[in-house]
Amino acid sequence: MNADTFQAERALSPTGGPQSTRWVILDPQLSIHREGTDFLTFLHGADRSVNTIRVYAGRLALFLTWCADHAVDWRTVTLAAMARFRFWLESTAGRQAKPRSGATVNATITAVVEYLRYCARHELIAPEVADRMSQPRYLASPPPGFDPGERAQFRTVRAKAIRSREVEKPYEFLTEEQVAAAVAECRTSRDRFLLVLMLATGIRIGEALGLRREDMHFLPDSRTLGCGVPGAHIHVRHRRDNENKALAKSRFPRAIPVDGTTVAEYVAYRGDRDAVAEAETNDLVFVNLYQRPLGKAMTYQAAKGMFERLSRQCGITVRPHMLRHTAATFWIRAGVAIDVVQQLLGHVSAASTAIYLHAGEKEKREAVERVAAHREAGTR
């Protein structure tokens with residue numbers, strides 16, 4: 001380990017409780033880096049998800065380590081120094097010894113700039129340090145739904161002054177055959193229900209792990225539960241007091257319909273869940289049934305391990321966000337309107353949903369062959 005390495009570490013409060021875990025930044029002497037740790041605490045108070053805070057902690061530790069290695073004072077970092085930091089990110093290996101993508105480099109710079117803005121707002125650094133990290137940019141092609149203002153005054157925005165070139169890659173999703181293979185390889189009712197539920201609803205892993213039994217309205221009519229949503233469905237709600245720190249990204253609650261297969265898998269899972277006495281008092285849907293501590297909420301780490309095992313078993317990569325992409329892709333290809341898909345996914349912006357409108361290789365091939373067949377028929 002480099003002598004100047006900063007580290008992102010998880011810290012547990014001695015008082016315990018669902019909000020007891022925090023991320024901290026340790027300097028090379030293993031002392032708390034006050035400004036960095038306060039920034040992570042700020043993110044926690046701002047309702048950022050535990051995964052976001054974990055990722056920001058690692059990116060900030062990486063930046064502080066680079067500054068120490070290159071004799072750069074982060075409190076007065078210049079635009080030229082940030083350009084060198086970007087070049088270093090682009091030219092060195094990241095996780096798993098793989099080159100960093102342009103998107104990863106830009107995300108790292110975004111985290112650093114957000115940290116600098118936080119420090120400027122709290123008078124920890126001079127305001128101009130954060131200000132020079134962005135510059136005015138005129139939106140020549142605003143995204144769908146953008147309001148430019150009566151005199152186009154909103155088309156000039158602040159954009160990052162330092163960016164890496166991104167190569168747009170298609171999002172990853174599973175084919176119907178791969179979905180069937182993944183479901184078949186699930187060894188337990190809990191894992192199978194988690195997989196089927198995410199495929200049916202497109203919910204994020206944090207939203208799934210944060211579901212409570214009161215959110216599962218699987219009766220044909222839920223009015224007896226005080227709910228007017230017709231048919232079987234789930235409710236996704238933003239909560240901060242889940243014992244596993246699972247957090248729905250959107251603060252806006254939404255109801256998502258489910259199909260009969262999902263209901264059947266839930267019934268099978270509940271049979272196994274109800275057989276574990278320790279799980280009875282836990283309101284969260286997904287809990288430990290097969291390892292200690294029994295009945296405790298399933299964590300992000302446990303879910304990660306489950307998907308890694310599943311990937312090895314079925315011989316294909318299966319990640320939680322791929323299931324979300326898969327659900328959206330199936331909806332679009334089934335002819336579901338884009339605004340409906342947006343609401344199902346809980347996207348605030350239509351631009352986030354628009355990526356699923358891109359044609360795949362199969363659709364492009366079919367279009368060319370359809371035109372060719374039409375021409376041949378016209379020459380006969």
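Before reading on, note that the structure itself is shown above.
Computed from a predicted structure; not experimentally measured.

Re the state of the cysteines
Applying the stated rule across the entire model yields zero disulfides. As a non-bridged cysteine, Cys314 has Cys186 as the owner of its nearest cysteine sulfur, 8.3 Å distant.

Concerning the environment of Thr262
Inspection of the secondary structure assignment puts Thr262 in helix H9 (residues 260-274). Counting along the chain gives 69 residues from Thr262 to Phe193, while the straight-line C-alpha distance between them is 7.0 Å. Other than its neighbours up to four places away in sequence, Thr262 contacts Phe193, Val196, Leu197 and Ala200. In this structure the side chain of Thr262 is engaged in a polar contact, spanning 2.6 Å, whose partner is the side chain of Asp259.

A few points about the nonpolar core
One recurring pattern in soluble globular proteins: nonpolar side chains tend to sit buried together. Judged by nonpolar contacts, the single largest core of 91 residues is most densely connected at Phe63, Ile234, Phe286 and Val318. Setting aside its immediate chain neighbours within four residues, Val318 contacts Leu174, Ala182, Leu195, Phe307, Leu310, Ser311 and Leu323.

Concerning the packing of helix H7 (residues 189-201) against helix H10 (residues 300-314)
Direction vectors running N to C along H7 and H10 enclose 90°, while the axes themselves pass 12 Å from each other. If you check the angle between H7 and H10, you find them roughly perpendicular. Together, Asp191, Leu194, Leu195 and Met198 of H7 and Met306, Phe307, Arg309 and Leu310 of H10 make up the contact between the two elements. For the contact of H7 with H10, the residue count by class is six nonpolar, no polar and two charged.

Observations concerning the side chain of Thr353
Residue placement: Thr353 occurs in helix H13 (residues 350-353). Taking the relative accessible area as the measure of exposure, Thr353 reaches 0% and is therefore buried. A polar atom in the side chain of Thr353 sits 2.7 Å from the side chain of His347. Excluding residues within four positions of it along the chain, Thr353 makes contact with Ile338, Val341, Gln342, Leu345 and His347.

Rules used in this analysis
Residues numbered from 1 in each chain as written. Predicted model: local features only at pLDDT ≥ 70, side-chain atom pairs only at ≥ 80, totals over all residues. Heavy atoms only, no water. Disulfide = S-S within 2.5 Å. Helix = DSSP H or I, 4+ residues; strand = E, 2+ residues; numbered from the N terminus. Contact = heavy atoms within 4.5 Å. Polar contact = N/O pair within 3.5 Å; in protein donor to acceptor, adjacent residues only side chain to side chain. Core = buried A, V, L, I, M, F, W, Y, C linked by side-chain atoms within 4.5 Å. Buried < 20%, exposed > 50% of the residue type's maximum accessible area, 1.4 Å probe, protein only. Axes fitted to C-alpha atoms, helices over the stretch in contact; angles between N-to-C directions. Parallel < 35°, antiparallel > 145°, perpendicular 65-115°, else oblique. Nonpolar A, V, L, I, M, F, W, Y, C, P; charged D, E, K, R; others polar.

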